Amino acid sequence: MSQVINKLIPSSLKSKVPFMWKVRIQHYLSPKSLLSVSKSDLKVIVVLAADYGNLGDVAITKAQMTFIKDVLPDYKIVPIYANEFKGALLTLTKIVNSKDIITIIGGGNMGNLYETLEDYRRNIINLFPNNKIISFPQTIDFTSNKEGEVSLQKSIKFYSSHSNLHIFARETQSFEKMKKNFRNNSVYLVPDIVLYLEQIKPQKNRNGVLLCLRNDIEQKISNDKKAKLLEALEVKYKDIRNYDTHIGDENYSKNIADKELDKIWNAFKEAKVVITDRLHGMIFCAITKTPCIVLPNSNHKIAGTYSDWLYNLDYIEFIEKYDEKLIIEIIDKLYRTDIKNSKSLDIKSKYDALTAVLRK
């Protein structure tokens, strides 16, 4: 949909077209799913739901809607997908009543690295000043240069103007930054929402090593080191597989969300050990009870999530500094782990603050 609208606006004019003009143009392509939603319905809106190939974000969307359904079973859940956002906005302003709750998708896109999504977040906060708005568990990551500071100050201005905005961080470092910057808002600390899901069953026969490594702006381990690690693994272990949490936007549609999540969770459950530098690679291991070696990424979200919520799981090992020899040693250790008798993830009580805000 975004590609269609981009073609309607000449590239030379895109930066000059006011946001709400773009919204009015895209309104003609408003998602048909909103036609069945009435203003009188009691609703929870899930804004910026994932309809692209990042399965971490797809899992966040599934977990967020599952959580809301469990906490507020009498509410109708209305997802507004990221690529439908502008087209849905005008319709949304007509169907939302004062009792409706607006939730913004959790994840790692609060910051200027994903400025488009951050701008969408600001606009939702601005357009619905009289509704309770809940930003589900996020990592904040504004860069420390001029561009990041300008973006942060813009967000502070929009966030602070809303008297009923509740912001949830998913690790301590983000929590402290949010409290410092968003002083006029309520800020809380809870786990990433995907940790609410449980995917241990059905259990699978495990064998081999599965690599789930990123190749984008957030990677910290160089491609050369990854290539050398793969060579070392192939020498010692026969079964080496790859399965990234990003399958490519061209291979994904929201209609196959559950199918793609089941595929990757089953792939993890069939691995003896997973090696990952993706946050949701680690989280998928936690919820499927899969032995895992976690490598750092370019920001604090992996280290923070591990130290806050997953440090006591003996089947997940976080390595702060890349060391090929150490990785091999830990694989051997995890191969011998009695996973059936290992401590399972027990974290649902950690979401009490989010439950309370949704219900009050």
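Residues numbered from 1 in each chain as written. Predicted model: local features only at pLDDT ≥ 70, side-chain atom pairs only at ≥ 80, totals over all residues. Heavy atoms only, no water.

Counting residues in hydrophobic clusters, the biggest one holds 98 residues, and the most contacted among them are I124 and I316. Counting residues per element, this core draws most heavily on helix α3 (residues 55–71), which supplies eight residues. In contact with I124, not counting residues within four places along its chain, are V47, F85, L89, L92, I102, I104 and I133. Counting 19 residues, the second-largest nonpolar core is a separate cluster that includes L213, I221, I240 and V273. (Core = buried A, V, L, I, M, F, W, Y, C linked by side-chain atoms within 4.5 Å. Buried < 20%, exposed > 50% of the residue type's maximum accessible area, 1.4 Å probe, protein only. Helix = DSSP H or I, 4+ residues; strand = E, 2+ residues; numbered from the N terminus. Contact = heavy atoms within 4.5 Å.)

This next bit is on the pattern of salt bridges. Per the stated rule, a full pass over the model turns up 16 salt bridges. The residue R170 makes a salt bridge to D192 at a minimum N-O spacing of 2.6 Å. Residue R170 is found in the loop between β6 (165–169) and α7 (172–181), and its partner D192 is found in the loop between β7 (186–189) and β8 (209–212); the two are separated by 22 residues along the sequence. Both residues of the pair, R170 and D192, belong to the buried class. In this structure, D244 engages R278 in a salt bridge whose closest nitrogen and oxygen atoms are separated by 2.5 Å. Of the two residues, D244 sits in the loop between β9 (240–242) and α9 (257–269) while R278 sits in the loop between β10 (273–276) and α10 (279–288), which places them 34 residues apart along the sequence. For D244, a relative accessible area of 23% gives the class partly exposed. (Salt bridge = Lys/Arg side-chain N within 4 Å of Asp/Glu carboxyl O.)

Adjacent strands of a sheet form backbone hydrogen bonds with each other and so pair up, either parallel or antiparallel. If you walk across this open sheet you meet the five strands as β9-β8-β10-β11-β12, and the pairing is parallel. The open sheet has two edge strands, β9 and β12 (316–318), and neither has a second partner. Neighbour-to-neighbour, the strand axes of the sheet open up by a mean angle of 20°, direction not taken into account. As paired strands, β8 and β9 are joined by three bridges and run parallel to one another. Its bridge partner lying in β9, V209 is registered against I240. Its contacts with the sheet put helix α11 (residues 301–310) on β11 (292–294) and β12, and the angle it makes with β12 is roughly 135°. (Pairing = 2+ DSSP bridges. Axes fitted to C-alpha atoms, helices over the stretch in contact; angles between N-to-C directions.)

Our focus in this paragraph is unusual backbone geometry. Backbone geometry follows two general trends: most residues other than glycine have a negative phi, and most peptide bonds adopt the trans configuration. A cis geometry characterises the amide bond from K201 onward to P202, with omega recorded as -5°. Turning to its location among the elements, P202 is positioned in the loop between β7 and β8. Backbone geometry places L48, a non-glycine residue, at a positive phi of 70°. Assignment of secondary structure puts L48 in strand β1 (residues 43–49). Unusually for a residue other than glycine, K289 sits at a positive phi of about 55°. If you trace the backbone, K289 turns up in the loop between α10 and β11.

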